[in-house]
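A look at the structure
Residues per chain, in single letters:
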Amino acid sequence: MTDLLTLGTRTFQSRLIVGTGKFSSPEVMADALAASGTEMVTVALRRVDLDAPAHSITGFIDQSRYLLLPNTSGAADAHEAVRLAKLARAAGLPSWIKVEVIPDPRYLMPDPIETLRACEILVAEGFTVLPYIHADPVLAKRLEEVGVAAVMPLAAPIGSGKGLKMKAAIAIIIEQATLPVIVDAGLGVPSHAAAAMEMGADAVLVNTAIATAGNPAMMANAFRLGVEAGRIAYLAGRARELAVASASSPLTGFLKPAD
Amino acid sequence: MPFSQTFDADLINAAVERLPYHDAGDVRAAAQAPGLTLQAAAPLFSPAAAGLLEELAQQAHDLTVERFGKTIALYAPLYLSNECVCTCTYCGFSLGLNIKRRTLRVDEVIREARALSSQGFRNILIVSAEHPKFVSAPYLVQCVREVKSVAQYVGLEVAAAGSDEYGDYAAAGCDGIVLYQETYHPQTYAEHHLGGPKKKYHWRLDAPERAAGAGIKHLGIAALLGLADWRFEALSLVSHLRYLERHCWKSQINISFPRINQAEGGYKPLHPVSDAELVQLICAFRIAAPSAGIVLSTRESAQLRDRLVALGVTHMSAGSSTEPGGYSEPGSAGEQFHLEDQRSVERVAQRLRELGYDPVFKDWENMQPQATTLAAVR
């Protein structure tokens, strides 16, 4: 069975997107990317030397294997996010952009108003736009109307590893979406990723939980398996959740009259 | 209401006097439910916490890795001038000291910036002594603009300024300011700042929020350790940090723990801070303020810096010179203080890799379009 993720004009077999921050070295990062089975990696533009992208972190990412998804981390308003996206495109990076507009350096919460503004401009400029947002169902629909390629609601604050704290709101976003929903930020262990996929998320993005694990490549593989398990479970259709026990071998069956 | 009007030294003193009464239970409770109020954070600075240093260090390490990853951002200071109109007892640039004085011309600043850029630095901190004529605001604006053309991140560690000047610095491309209060203790401040504009304690205390209000995104604050009781400075810094986090919510705040070093003035600190106390400070602040950057300069020895990396440090200077012109023309002017860690930037970066950390030279991108600069033209 082919079960592909479609984003913009591209399709992907892997539903795990991996971030490239916080690794102890570019080599450790490269090993983790390989182990994760990912086909899309996100890179903070602020870490890329745009005069010579090959000589910075992007030099360690095999672009024949992974689609590079630049992100606008560091931008505090729409104007800055748009400027970063254009700088990246001018430097020859893909015209895909993960929009992160974060004015608050403490909890790293995205600004919904500036995010919407940035997406309007970038879609009009021809970018394939993936906005990082709060788990806000109305904002998700507004962004759909703008023409983004997917929405990326947060599970919990970036880097917190707290898991699906925003589960109820993410469920509404998934239920209403006509676009892929990528759960981003706050997933701490593979079971969190599996749970998001079981709910019907189309993909997840993981960075800190892999980069800061004791063995990043091993954890990347574990997330790969978690995402796959969750996706297959979603496709299989889960059994009903009941408030009381329902025995698979009933104890009172003998009381029913035989046919 | 500005911070200077909310800050109450008597309240801090009272909290310092209560510190000996905290026990290990209070310290563990504070570490488990951390916060930046005096009440929540104070036990972490108590003598009892000194007995739990390993526990606190493990927690500080984990929090730092979670938040910042296994990376250390590297930066270099670029000294513009050691000509100073201030008399400060502890400083090697103090008025009246017999040192070689020099202010770099703008073309010399460009040469220094290029020397740093060729070593890989993309984060440059412009530093200067205080002289209204030689180091004027328009001169600083010009220097920021020029340095910005070779570095993505430009910080300023110069005289406290007014909102208009900070607005000009921001428009020129200044991303952050560093302004140590030196000491939060008002009486001690008066005893050490004997002449010049730096005498104005309150003007300095409110400068970081003026900078933030003018659009500067990164604020660096600290006390110069050794002038007053470090526990008084620490609790004052907690108050200042909390105020800035609440009032300047868009600003990234960095803190630092500079210990007084051997300067040309020959000042001997009355309240020296031991290595163990420095470790307690770093761990306590990391636990109380997990998102604060912690900056460590080459004031500290290479051996100690290697050990402090794992405890909560996020930014380090490397290959530094504290004399104006020190990168392209060493020995041409007096230094501000003596540097303990004299390793080259390559050696510092290599050592960080051996310790399992990625040395990061570029972690910022120009967000504003830049005006044409001399450096770009030549």
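What comes next is a walk through the structure. (Residues numbered from 1 in each chain as written. Chains lettered and ligands numbered in written order. Predicted model: local features only at pLDDT ≥ 70, side-chain atom pairs only at ≥ 80, totals over all residues. Heavy atoms only, no water.)

**A short note on the overall build of chain A**
- Along its length, chain A carries eight helices and ten strands.
- A compact globule built from 259 residues would reach a C-alpha radius of gyration of about 18 Å, and chain A, at 20 Å, matches this within 12%.
- Contacts in chain A between residues far apart in sequence, at least 24 positions, make up 65% of those at least 6 positions apart.
- Within the structure as shown, chain A displays about 11,600 Å² of accessible surface, and the carbon and sulfur contribution to it stands at 55%.
- Charged side chains in chain A number 22 positive and 25 negative. The centres of these two groups are separated by 4 Å. (Helix = DSSP H or I, 4+ residues; strand = E, 2+ residues; numbered from the N terminus. Rg over C-alpha atoms; globule rule 2.2 N^0.38 Å. Contact = heavy atoms within 4.5 Å. Areas by Shrake-Rupley, 256 points an atom, 1.4 Å probe, with all protein chains shown as cover. Lys, Arg positive; Asp, Glu negative; His and termini not counted. Charge placed at Lys NZ, Arg CZ, Asp CG, Glu CD.)

**Thoughts on the interface of chain B and chain A**
- At the junction of the two partners, chain B supplies 30 residues and chain A supplies 28 residues.
- The junction of chain B with chain A conceals about 2,400 Å² of combined surface from both sides, 47% of it contributed by carbon and sulfur atoms.
- The tally of links between chain B and chain A comes to five salt bridges.
- A salt bridge links Arg106 of chain A to Glu245 of chain B; the shortest N-O distance between them is 3.9 Å.
- If you look at where chain B meets chain A, you find 15 residue pairs in polar contact (both at pLDDT 80 or more).
- Within the residue set of the side of chain B that touches chain A, elements represented by two or more residues are helix H6 (53-68), helix H13 (230-247), strand S8 (252-256) and strand S11 (358-360) of chain B. (Buried area = accessible area lost by both parts, 1.4 Å probe. Salt bridge = Lys/Arg side-chain N within 4 Å of Asp/Glu carboxyl O. Polar contact = N/O pair within 3.5 Å; in protein donor to acceptor, adjacent residues only side chain to side chain.)

**A word on the side chain of Arg259 of chain B**
Residue and element names in this part refer to chain B.
- For Arg259, the position within the fold is in the loop between S8 and helix H14 (275-288).
- According to the relative accessible area criterion, Arg259 is buried, its value standing at 12%.
- What Arg259 contacts, discounting residues up to four positions off in sequence, is Leu225, Val273, Ser274, Asp275, Leu278, Arg299, Glu300 and Leu304. (Buried < 20%, exposed > 50% of the residue type's maximum accessible area, 1.4 Å probe, protein only.)

**A word on H13 of chain B**
All names here are of chain B.
- Here H13 spans 25 Å end to end across 18 residues, near enough to the 26 Å set by a 1.5 Å rise per residue.
- Extensive coverage of H13 is indicated by the burial of 15 of its 18 residues.
- Of the residues that open H13, the one with a side-chain oxygen 3.1 Å from the backbone nitrogen of Arg231 is Asp229. (Expected span 1.5 Å × (residues − 1).)

**Here we look at unusual backbone geometry**
Residues and elements named next belong to chain A.
- Residue Leu108 is not a glycine yet carries a positive backbone phi of 55°.
- Its location among the elements puts Leu108 in the loop between strand S6 (96-99) and helix H3 (112-124).
- The partly exposed category is assigned to Leu108, whose relative accessible area is 21%.
- For Ala185, which is not a glycine, the phi torsion comes out positive at approximately 80°.
- Mapped onto the elements, Ala185 comes out in the loop between strand S9 (182-184) and helix H6 (190-198).
- Looking at Ala185, the relative accessible area reads 7%, which means it is buried.

**Quick word on the pairing of strand S9 (residues 293-296) of chain B**
Residues and elements named next belong to chain B.
- Of the two faces of S9, the one lined by Gly293 and Val295 and the one lined by Ile294 and Leu296 are each fully buried.
- Sheet analysis places S8 next to S9, joined by three bridges and oriented parallel. Its bridge partner lying in S9, Asn254 is registered against Gly293.
- Where S9 meets strand S10 (residues 315-317), two bridges bridge the pair, whose relative direction is parallel. Counterpart to Val295 in the pairing with S10 is His315.
- Remark: the S9/helix H15 (residues 302-308)/S10 crossover connection has right-handed handedness. (Pairing = 2+ DSSP bridges. Right-handed = clockwise from strand over helix to strand, strands pointing away.)

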